[in-house]
Amino acid sequence: MPDSQVITSSQNPFFRHCLQLRKNRQRRKAGQFLIDGEVEIVRAVQSGLQVQHLLVNCQHALSPGLRQLLADYPEITLETFSPQLIGRLEYGQVVGAVIAVAQAPSLELDTIQITSDGLVLVLDQIEKPGNLGACMRTAAACGVQAVVLTDPVCDPFNANAIRASRGTMFGTQLAVTTASEFLSLAMRIRLSVFAARVQSEKSLWQLPLHQGAAIVFGSEAWGLDQRWRSDMVQDFTIPMNSKADSLNVSISAAVSLYEAVRQRLNVPI
């Protein structure tokens, strides 16, 4: 472990600040958030995210990967904590995990690039961080151009969302906006928009996803509302056995995105 002063007091201002970053309101106020796990931290740094501090247990040796990370990015400050304090900061009771403090990036729609031939995943009013993270992981696997959250309920930098994505969310363009603003952009660049619904005359298999497409999924509880009813939005449903009437949103997104990938690669069924 590199020499550094060990933080042992629960009254330490930096410790108290980090503890507050577990709360959504405090994350937004500070413009910072915590990242748990070496894999997730490395992916965040490699994606260009501004990681400011690396928090570690004073009794655990740094892995070769983290040593290299600190050597390559000297602007990251190493902070060592007593086992008791780092235990209070750990998420999900993962003993020995490392934690990073990162600057929250801008998530404005105009900070990302979406083109008329891109594949875009739109998640509307998503509530559960685990579902968001799982969707982000699938989006990364499918090579989507961007993920857009419209009027989201959950915080994209929630620890559970980051963990469920395995850090892949940091390598994917991400924006937060409203449904109307996204539809305005889609109309302007002539990007086709397809909205998933429980019932529709058109099935997923009938959609032309081989070109540009934004695929929209609604909240876990209510699906998509009237904001997504317009002439430029085509509804579709995912065919399923009559014994089931819906799928988890992360599963629905995965099925739909892989169908788009299949069409783009021109792979026959």
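As the structure is a computational prediction, the values presented were derived from the model and not from experiment.

Visitor: Just checking my understanding: could you explain the overall build of the chain for this structure?
Guide: A tally of regular secondary structure across the chain gives 9 helices and 11 strands. What you see for the chain is a C-alpha radius of gyration of 21 Å, in line with the 18 Å of a compact globule of 269 residues. Considering only C-alpha atoms, the chain reaches an extent of 65 × 35 × 35 Å along its principal axes. Expressed as a percentage of the 269 residues in the chain, the buried residues total 48%. Within the chain, counting contacts between residues at least 6 apart in sequence, those at least 24 apart form 80% of the total. For the chain, the exposed surface amounts to about 13400 Å²; the carbon and sulfur share of it is 49%.

Visitor: Would you mind going over a nonpolar patch on the surface with me for this structure?
Guide: A surface patch of nonpolar side chains, amounting to about 240 Å² of accessible area, comprises Met240, Leu247 and Ile251. Relative to the helices and strands, Met240 is located in the loop between β11 (233-236) and α9 (249-264). For Met240, a relative accessible area of 35% translates into the label partly exposed.

Visitor: Would you mind showing me how to read the pairing of strand β3 (residues 51-57) here?
Guide: For a regular strand, side chains alternate in direction, first toward one face of the sheet and then toward the other. With respect to burial, β3 is a largely interior element, 7 of its 7 residues being buried. Of the pairings in the sheet, the one linking β3 to strand β5 (residues 99-103) comprises 4 bridges and is antiparallel in character. Looking at the pairing, Leu54 lines up with Ala100 of β5. As defined by bridge partners, β3 adjoins strand β4 (residues 77-81) across 5 bridges and the pair is classed as parallel. Paired with His53 across the two strands is Thr77, which belongs to β4. Taking the sense of rotation as the criterion, the β-α-β connection linking β3, helix α4 (residues 64-72) and β4 turns out right-handed.

Visitor: Is there a simple way to think about the side chain of Arg27 in this case?
Guide: With respect to the helices and strands, Arg27 occurs in helix α2 (residues 24-30). A distance of 3.1 Å separates a polar atom in the side chain of Arg27 from the backbone oxygen of Arg22. Sequence-distant contacts of Arg27, defined by excluding residues within four places in its chain, comprise Leu21, Arg22, Gln32, Phe33, Asp155, Phe157 and Asn158.

Visitor: What am I meant to see in α4 here?
Guide: It helps to recall that an α-helix has 3.6 residues per turn; residues three or four apart then point in one direction. Here α4 has its buried residues at Leu66, Leu69 and Leu70. Seen along its axis, α4 keeps its buried residues to an arc of 95°; they face one direction. Pointing more than 90 degrees away from the buried face of α4 are the exposed residues Pro64 and Ala71.

Visitor: Would you mind showing me how to read the sheet that holds β3 here?
Guide: Whenever strands of a sheet pair, they do so through backbone hydrogen bonds, lying parallel or antiparallel. The strand order across the open sheet formed by 5 strands is β1-β4-β3-β5-β2, and the pairing between neighbours is mixed. Here the strands that pair on one side only, and so sit at the sheet edges, are β1 (6-7) and β2 (32-36). Strand direction decides the pairing type here: β1 and β4, joined by 2 bridges, are parallel. The partner of Val6 across the bridge, within β4, is Thr80. Across the sheet, helix α3 (residues 38-46) is in contact with β2, β3 and β5; its angle to β2 comes to roughly 130°.

Visitor: I tried to follow the packing of aromatic side chains on my own but got confused; where do I start?
Guide: What characterises a pair of aromatic rings is the spacing of the ring centres plus the angle enclosed by the ring planes. For the structure shown, the criterion picks out 5 aromatic pairs. Taking 6.3 Å as the distance between ring centres and 55° as the angle between the ring planes, the aromatic pair formed by Phe15 and Phe81 counts as tilted. Here the residue Phe15 occupies a position in helix α1 (residues 13-20), and Phe81 occupies one in strand β4, the gap between them amounting to 66 residues. The class of Phe15 is buried, set by a relative accessible area of 1%. Ring geometry for Phe33 versus Phe170: centroids 6.2 Å apart, planes at 25°, classification stacked. Linking Phe33 in strand β2 with Phe170 in the loop between α7 (159-165) and β8 (174-177), this pair joins segments that are 137 residues apart in sequence.

Visitor: Mind showing me how you'd approach helix α6 (residues 129-142) here?
Guide: Taking 1.5 Å of rise per residue, 14 residues should cover 20 Å, and α6 covers 20 Å from first to last C-alpha, within 8% of that figure. Burial in α6 covers these residues: Pro129, Asn131, Leu132, Gly133, Cys135, Met136, Thr138, Ala139 and Cys142. Buried residues along α6 sit against β6 (119-124), β7 (146-150), α7, β8 and α9. Once α6 ends, the next one or two residues include Gly143, with phi positive near 70°.

Visitor: When you look at the side chain of Glu79 in this model, what are you seeing that I'm missing?
Guide: With respect to the helices and strands, Glu79 occurs in strand β4. Nearest to the buried, unbridged Glu79 among oppositely charged side chains is Arg16, at 15 Å. Aside from chain neighbours lying at most four places away, what touches Glu79 is Ile7, Phe14, His53, Leu54, Leu55 and Val56.

Analysis parameters
- Sequence order sets the numbering: in each chain, residues are counted from 1 along the sequence as written.
- Only residues with pLDDT of at least 70 are given local features in this predicted model, and only at 80 or more are side-chain atom pairs given and counted; all residues enter the totals for whole chains, interfaces and linings.
- Heavy atoms throughout the structure, all of them, feed into the side-chain values; hydrogens and water do not.
- Elements are defined by DSSP. Helices are runs of H or I of four residues or more, strands are runs of E of two residues or more, and each kind is numbered from the N terminus.
- Radius of gyration here is computed from C-alpha atoms only, and the compact-globule reference equals 2.2 Å multiplied by the residue count raised to the power 0.38.
- Under the scheme applied here, a residue whose accessible area is under 20% of the maximum for its type counts as buried, over 50% as exposed, and between as partly exposed, the area being computed with a 1.4 Å probe on protein chains only.
- Any two residues whose heavy atoms approach within 4.5 Å are treated as being in contact.
- Residue-level accessible areas treat just the shown protein chains as cover; the underlying method is Shrake-Rupley with a 1.4 Å probe.
- The residues that make up patches have over 30% relative accessible area and no salt bridge, and they are joined within 9 Å when like-charged or within 5 Å when they are Val, Leu, Ile, Met, Phe, Trp or Tyr.
- The rule for a salt bridge is simple: a side-chain nitrogen of Lys or Arg has to be within 4 Å of a carboxyl oxygen of Asp or Glu.
- Two strands are counted as paired when DSSP detects at least two bridges linking them.
- Handedness rule for crossovers: strands pointing away from the viewer, path from the first strand over the helix to the second running clockwise, crossover right-handed.
- The term polar contact refers here to a pair of N or O atoms within 3.5 Å; inside protein, the definition further demands a hydrogen-donor-capable atom paired with an acceptor-capable atom, and it admits residues adjacent in sequence only when both atoms are side-chain atoms.
- Throughout, the arc means that of the directions going from the helix axis to the C-beta atoms.
- Lines fitted to C-alpha atoms define the axes here, with helix axes fitted over just the stretch in contact, and angles between the N-to-C directions of these axes take values from 0 to 180 degrees.
- In summary, the pairing rule links any two rings of Phe, Tyr or Trp, Trp by its six-membered ring, whose centres are within 6.5 Å, and it sorts them by plane angle into stacked for under 30 degrees, edge-to-face for over 60 and tilted for everything else.
- Here a helix's expected span is defined as the number of its residues, less one, multiplied by 1.5 Å.
- Lys and Arg are tallied as positive, Asp and Glu as negative. Neither His nor the chain termini are counted.

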